[in-house]
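Overview (structure and organization)
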Amino acid sequence: MAAASSSDSDSGRAESSEASSKWLDAHYDPMANIHTFSACLQLADLHGDGEYKLVVGDLGPGGQQPRLKVLKGPTVLSESPLPALPAAAATFLMEQHEPRTPALALASGPCVYVYKNLRPYFKFSLPQLPPNPLEQDLWNQAKEISLPSVPVFLEVSGQFDVEFRLAAACRNGNIYMLRRDSKRPKYCIELSAQPVGLVRVHKVLVVGSNQDSLHGFTHKGKRLWAVQMPAAILTMNLLEQRSRGLQAVMAGLANGEVRIYRDKALLSIIRTPDAVTSLCFGRYGREDHTLIMTTRGGGLIIKILKRTAVFVEGGGEAGPPPAQAMKLNMPRKTRLYVDQTLREREAGTAMHRSFQADLYLLRLRAARAYAQALESSLSPVSATAREPLKLHAVVQGLGPTFKLTLHLQNTSTARPILGLLVCFLYNEGLYALPRAFFKVPLLVPGLSYPLETFVESLSDKGISDIIKVLVLREGQSAPLLSAHINMPVSEGLAAA
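Every residue gets a number counted from 1 within its own chain, in the order that chain's sequence is written. Per-residue local features are limited, in this predicted model, to residues with pLDDT of at least 70; the limit for side-chain atom pairs, both in listing and counting, is 80 or more; totals at the level of whole chains, interfaces and linings are taken over all residues. Hydrogens are left out, water is left out, and the side-chain values use all remaining heavy atoms of the structure.

The protein is annotated in an unreviewed UniProt entry as Bardet-Biedl syndrome 1 of Phocoena sinus.

So this is what it looks like as structure tokens:
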């Protein structure tokens, strides 16, 4: 027992030292009297002076006396009462002229309050007044989107006017995926437990469940991975370190730990004096990477990520993963499996010979296709050692006029190449080229020469064809190398 206790304390000290090597303890106030969750925390440059403030929708002790607080560093800059409990907060830009100071939107009770310069500016009550006629179509589209259950978490990516995806975690334990033109959910992710958090990391949806586990899903509902937590998940949020291209998920646990994961790999563990109920990571003050946490008892913790900090997979804990010690649930051998095993034993020689025959036939066909490509110079890389050339083409434009650029390179080490010609073969009823045949200048070894020309599409029927490019030697009819360019369909309108 003493040895086990010593081992646990040593591992705890190792994790604490590992976390402290990445984070600076900027502030800790156990009596800050801040009671909120992650959706009500926002970091924003409210005055346009480069000094980022912390906006808190405070529930108040015991859900009484909700207030809107703005913090600058560890001190409260301003405080104003709210008529009802806050549900979420977000910042957005209302004006285009400089300085572009963001406005604050706060959902409280049945209303959405908009603050500008920390003063009340708008109030939207639900249900709203009849919408503006210019926005009627947009509201009709929004009304057509329906979900089978009440959503509790939303995660949106993309732009509303172009293309967007919306993931909604609902109270029935399912996550529904919607797109811009869909009136009904396109995909459905069925969870085995109720969701307690939803965060999008790149193209992966990370879901926390009340079974103390994190799950990763694609936007089509395919499950990628699952990680078991040592305690219940209280809050989740995104950690984004843009200077290193890192995106990870933070999970605050009931045992006083904050775990940081990239996919299913544990990057770091932060131990706190009390259970963390809200997380927020971003620019605070003039520090780009600041982690702000509030605890169950109303405390405020501020940590700053060191500029030299590097997250390494597996840095949070040592030893093999817990899944390695789990026994696999092997299925029982079915009658079909036994029959197939006996068949393979009896006809093993014939099956091997059949496989070898098919393999030899595949190799023969590949060799014939390769030889034919060399004989007809269909490869973009020349096969002769006398003229070592490489060719690739780039098509630019929407049409009807396209810019065609050929990149021709002499891949020899020391010998230049002279006396080459370029010829285009195309359907003259669909395309027109100002130069379908021209000479190539001297090619210096190692340099890529761009040869540009323009292609005009003559058809207005929305069809396209292939343009063949041949590189020839003067006095020879067989091309050295060739390329087939699949031209795009013309999307532009010809000038009248």
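All right, on to the nonpolar core then. Proteins that are soluble and globular tend to have nonpolar side chains buried together. Among buried residues, the Ala, Val, Leu, Ile, Met, Phe, Trp, Tyr and Cys ones that are joined through side-chain atoms within 4.5 Å form a nonpolar core. Throughout this description, buried means an accessible area under 20% of the type-specific maximum (1.4 Å probe, protein chains only), exposed means over 50%, and partly exposed covers the range between. If you look at the biggest cluster of nonpolar residues, it comprises 27 residues, and the most contacted ones within it are Leu 406, Val 422 and Phe 424. Secondary structure elements follow DSSP: runs of H or I of four or more residues count as helices, runs of E of two or more count as strands, with numbering from the N terminus. For this core, the secondary-structure elements that each account for two or more residues are strand E25 (389-396), strand E26 (401-410), strand E27 (420-425), strand E29 (437-440), strand E30 (448-457), strand E31 (466-473) and strand E32 (481-486). For this core, the element with the highest residue contribution is E26, accounting for four residues. With residues near it in sequence (within four places) discarded, Val 422 still touches Leu 406, Ala 436, Phe 437, Phe 438, Val 440, Leu 451, Val 469, Leu 470 and Val 471. Listed in part, the 18 residues of the second largest apolar core include Leu 246, Met 293, Ile 301 and Ala 309. Contacts are residue-level and defined by heavy atoms, with any inter-residue pair within 4.5 Å sufficient.

Moving on to the side chain of Lys 69. Here Lys 69 lies in strand E4 (residues 67-72). Under the relative-accessibility criterion, Lys 69 is labelled buried at 6%. For Lys 69, the side chain forms a polar contact with the side chain of Asp 58, separated by 2.9 Å. For the purposes of these results, a polar contact is taken to be a pair of N or O atoms within 3.5 Å, where, inside protein, one atom must be able to donate a hydrogen and its partner to accept one; residues adjacent in sequence count only when each atom of the pair is a side-chain atom.

All right, on to the pattern of salt bridges then. Where side chains of opposite charge bring their charged atoms close, a pairing between them can arise. We count a salt bridge whenever a side-chain nitrogen from Lys or Arg sits within 4 Å of a carboxyl oxygen from Asp or Glu. Tallied over the entire structure, the rule returns 11 salt bridges. Note that Arg 67 is salt-bridged to Glu 79, the shortest N-O span being 2.6 Å. Of this pair, Arg 67 sits in strand E4 while Glu 79 sits in strand E5 (residues 75-81), and the two are 12 residues apart along the sequence. Arg 67 sits in the partly exposed class, given a relative accessible area of 26%. For Glu 79, a relative accessible area of 43% corresponds to the partly exposed category.

Bringing the sheet that holds strand E14 (residues 195-201) into the picture now. Should DSSP find at least two bridges between two strands, the strands are taken to pair. Strand order in this open sheet of four strands is E14-E15-E16-E17, and the pairing throughout is antiparallel. A single partner strand is all that each edge strand has here, and the edge strands are E14 and strand E17 (223-228). For this sheet, the mean angle separating the axes of adjacent strands, direction not counted, is 20°. Alignment of E14 against strand E15 (residues 204-209), held across six bridges, turns out to be antiparallel. Looking at the pairing, Val 199 lines up with Val 206 of E15. Interaxial angle, 0 to 180 degrees, is taken between N-to-C directions of lines fitted to C-alpha atoms, where a helix line uses only the stretch in contact.

Below, the discussion takes up unusual backbone geometry. The residue Asn 33 is not glycine, and still its phi comes out positive at about 60°. Along the chain, the position of Asn 33 falls in the loop between strand E1 (23-29) and strand E2 (41-44). The class for Asn 33 is partly exposed, based on a relative accessible area of 38%. The phi dihedral of His 202 is positive, around 60°, even though this residue is not glycine. The topology assignment puts His 202 in the loop between E14 and E15. The partly exposed category is assigned to His 202, whose relative accessible area is 47%.

Any aromatic ring pair is given by two values, namely how distant the centres are and how the planes are angled relative to each other. Classification of ring pairs uses Phe, Tyr and Trp, with its six-membered ring standing for Trp, and accepts pairs whose centres are within 6.5 Å; under 30 degrees between planes counts as stacked, over 60 as edge-to-face, and the remaining range as tilted. For the structure on display, the rule yields five aromatic pairs. Ring geometry for Trp 23 against Phe 281: centres 6.3 Å apart, planes inclined by 90°, an arrangement best described as edge-to-face. With Trp 23 in strand E1 and Phe 281 in strand E22 (residues 276-284), this residue pair connects regions lying 258 residues apart in the sequence. Per residue, the accessibility class of Trp 23 equals that of Phe 281, and both read buried. One residue, Arg 435, lies across the ring of Phe 438, its end atom 4.4 Å from the ring centre. To sit over a ring, a charge needs its Lys NZ or Arg CZ within 6 Å of the ring centre and within 35 degrees of the ring normal.

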